[in-house]
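Inside the fold
These are the residues of each chain, in order.
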Amino acid sequence: MLFLKNLGVFHECQVQGFFEILELKFTFVNEHFNISKVKKKLILVKNARIYNLSLIYFKNMKQSFINLLILQFIILLFIFSSCGSNSKKDNTIDETDTTENEIIVEKEITDSLLYVFDQIKNDSVLFSSAMSIYVFDDSLNEVVFEHNSNLALIPASTMKLLSTAAALEILGSKRNFQTTVQYDGQIIDGHILDGNIYIKGGGDPALGSKYYKGTYGNFISKWANSILSLGIDSITGSVIADARIFSLEYVPTTWSYGETGDYYCTAASGLSAYDNRYKLTFYGSNKSRLKATKNTIKPYIPDFYYENKTNIVSGRKDAVYFLGSPYSHERILKGNIPTGNKSYSLEASIPDPPYLVAYHLSEELQKSGVKIANTPSSIRRLKYDNDSIYRIATSRARTVITTQYSPSVKSLVGVTNNVSNNLFAEHLTTHIGLKKYGIRNGNTESGTTAIVRFWKSLGIDIRGMNIFDGSGISRYNSVTSKQLVDVLCYMKDSSNNFNTYYNSLAISGEKGTLKSFCDGTPASGKIHAKSGTMSRVRSYAGFVETNSGRKLTFAFTVNNYSCHTSEMKLMMEKFMTTLVVNK
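Residues numbered from 1 in each chain as written. Predicted model: local features only at pLDDT ≥ 70, side-chain atom pairs only at ≥ 80, totals over all residues. Heavy atoms only, no water.

**Here's the deal with the overall build of the chain**
What the chain contains, in helices and strands, is 17 helices and 23 strands. Across the 583 residues of the chain, 52% fall into the buried class. A separation of at least 24 residues holds for 70% of the contacts in the chain among residues at least 6 apart in sequence. Total accessible area on the chain is roughly 26,600 Å²; 49% of this is exposed by carbon and sulfur atoms. (Helix = DSSP H or I, 4+ residues; strand = E, 2+ residues; numbered from the N terminus. Buried < 20%, exposed > 50% of the residue type's maximum accessible area, 1.4 Å probe, protein only. Contact = heavy atoms within 4.5 Å. Areas by Shrake-Rupley, 256 points an atom, 1.4 Å probe, with all protein chains shown as cover.)

**What about the packing of helix α8 (residues 219-228) against helix α9 (residues 353-367)?**
One way to put it is that α8 packs onto α9 with a least axis distance of 9 Å and a crossing angle of 55°. One way to sum up the angle between α8 and α9 is to call them oblique. Every pair of crossing elements has a handedness; the one defined by α8 and α9 is right-handed. Facing α8, whose interface residues are I220, S221, W223, A224 and I227, α9 presents V357, H360, L361, E364 and L365. When the residues that make up the contact of α8 with α9 are grouped by side-chain class, the tally is seven nonpolar, two polar and one charged. (Axes fitted to C-alpha atoms, helices over the stretch in contact; angles between N-to-C directions. Parallel < 35°, antiparallel > 145°, perpendicular 65-115°, else oblique. Left-handed = near helix turned anticlockwise from the far one by under 90°. Nonpolar A, V, L, I, M, F, W, Y, C, P; charged D, E, K, R; others polar.)

**Quick notes on the pairing of strand β15 (residues 330-337)**
Because side chains alternate across β15, one face comprises the buried residues R331, L333, G335 and I337, and the other comprises E330, I332, K334 and N336, none of which is buried. Pairing between strand β12 (residues 305-308) and β15: four bridges, direction parallel. Bridging from a neighbouring strand, E307 pairs with I332 of β15. Across two bridges, strand β13 (residues 311-312) lies against β15 in parallel orientation. (Pairing = 2+ DSSP bridges.)

**A look at the sheet that holds strand β3 (residues 178-183)**
In spatial order, the strands read β18-β8-β6-β3-β19; together these five strands make up an open sheet with mixed pairing. Single-partner strands in this sheet number two, and they are β18 (377-378) and β19 (399-405). Sheet analysis places strand β6 (residues 197-200) next to strand β8 (residues 239-242), joined by four bridges and oriented parallel. Residue pairing across strands places K200 opposite D242, the latter belonging to β8. Of the strands in this sheet, β3, β6 and β19 are in contact with α8, which crosses β19 at around 155°. Together, β6, β8 and β18 form the strand contacts of α9, whose direction differs from that of β8 by roughly 155°.

**With respect to the pairing of strand β1 (residues 130-137)**
Taking burial as the measure, the eight residues of β1 include seven buried ones, the bulk of the element. Where β1 lies against strand β2 (residues 142-147), five bridges are found, and the strand directions are antiparallel. Bridging from a neighbouring strand, Y134 pairs with E146 of β2. A loop of four residues connects β1 with β2, the two strands running antiparallel in sequence, and N141 in this loop sits at a positive phi of about 55°.

**Re the side chain of S378**
Relative to the helices and strands, S378 is located in strand β18. Residue class for S378 comes out buried when judged on its relative accessible area of 3%. Residue contacts for S378: discarding those within four places in its chain leaves I240 and A241.

**Let's talk about the packing of aromatic side chains**
Taken as a whole and assessed by the stated rule, the structure comprises 22 aromatic pairs. Look at F145 and F575: their rings are 5.5 Å apart centre to centre, the planes differ by 65°, and that puts the pair in the edge-to-face class. Taken together, the positions of F145 in strand β2 and F575 in helix α17 (residues 565-581) put the pair 430 residues apart, joining distant regions of the chain. With a relative accessible area of 6%, F145 lands in the buried category. Residue F575 is classed as buried on the basis of its relative accessible area, which comes to 0%. Each member of the aromatic cluster is reached from another via a ring pair, and the members are F117, F145, F556 and F575. Lying across the ring of Y305, R289 places its NZ or CZ 4.1 Å from the centre. Looking at R380, its charged tip hangs above the ring of Y327, at a distance of 3.5 Å from the centre. (Phe/Tyr/Trp six-rings, centres within 6.5 Å; stacked < 30°, edge-to-face > 60°. Lys NZ or Arg CZ within 6 Å of the ring centre and 35° of its normal.)

**Remarks on the sheet that holds strand β21 (residues 527-534)**
Strand order in the open sheet formed by six strands is β2-β1-β23-β22-β21-β20, with antiparallel pairing between adjacent strands. On the outer flanks of this sheet lie β2 and β20 (506-507), each paired with one strand and no other. In terms of strand pairing, β20 meets β21 through two bridges, oriented antiparallel. Looking at the pairing, I507 lines up with H528 of β21. Docked against the sheet, α17 engages β1, β2, β21, β22 (537-545) and β23 (551-559), running at close to 20° with respect to β22.

In structure tokens, the structure reads:
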């Protein structure tokens, strides 16, 4: 260093700005001396804090060509010594370019992410938070970045990555589910059914779904026409829903009571319909207990009552939640609504989907002139209300009238991950339990147990992996960022279903739940991932392609931050954008 100063060439040693000066001052000698490899070596120390090389000035731009060559030779000697090159082995700079470039990329990515990560980690809103990050380059078999990668955190909807991957692998991408319309007894005189009509659920999550309008059409009308085609105009029994393929106690036990009535808490019934959601229209000022009418609730639910206990708060957006138990047709509306609006239309979860389907088919048949002796019901209702009919309904042989097939698992996974559909995720999870453990195990517990055991069987370390549902609603769930990446890497490297899985994911700035994520940034379109959001939880996991073409697998989860979720999103966007733009 003293030698350089004595030459009058260096004022001090700093890396910052080195390249700009080198390119400006040495352009005319570049033909005679290759400095591209010099740059590669300099990149290795470019971001290191212990080296701050910068040429402040050049003494004389008109120095002789020989002096410039001497200067470059001195610089090369300094670089080799600074980078820890092996002087005994390395007499030239002709090293393997591929290995060198890999080291350069890793160094640049790591240092840049460290800088951004430090900004995020040290923000006061994350003082009491827990954060887990894991970024892996599978092709190079190296960790690009990690922080608390084995810390188990609540994943929210990134849990769907585990359940949908397991569904594709265990159930198969082509699998579908059947709903059948049946009857028992016999048809007398060619037009009287001395028996009951049954709707036998097969665990189809998409029956009447808004995502599959073209698939089902008006399925109730189609079923009614199939019954009428048999010549039936009178039924001595009733229309009965049979959802026993799944447990009749279908709502996961770890879901919060304060959420089970809301639109996103749609659990897996053996006979689901209409996305298991209804839309209620009510007036904010009316605080009475009211019975819903066909004008105020869609789809219409008979004998449904609600009581408005919301608060009118000036200047705020509506934040209303529905309190009520599964199967109960009583709901209490709580929360805040803003002033200035007279009526509100909000979605919530249907309390008893099987009974609702039976009611709608019974109503449709009566509109078509069919006389039905008894009111519609379900196997569950009969068990508690009419034991004699219950025994008949569960023991008599039945004849199939018509069958409705669901979309394939491939298609259902596409919707599940793209829009984060909780209902579909819960159905797929329950079907996994049914497939692995038999007909009496169509429930959440058997499905989640099967999923954990499946990932363990593939060599994934499941310590800290606790799964209590398939959708991520349960706050009892926990998973590490490394486990999420391990599942993603398995799908990428070993699964024949990877293309289906990859295409099911949302895309940053383009579609699904990531449509607004990194929108308008260089990371737009570069991230295929699943998002997860709930109170004090934000999570992303999936695949990234950097600007240089490097393909990475990542997971990033934060719990218990003290800012608004939109602010946490901005922080995570900054990290992901930095990951994408690094070369």
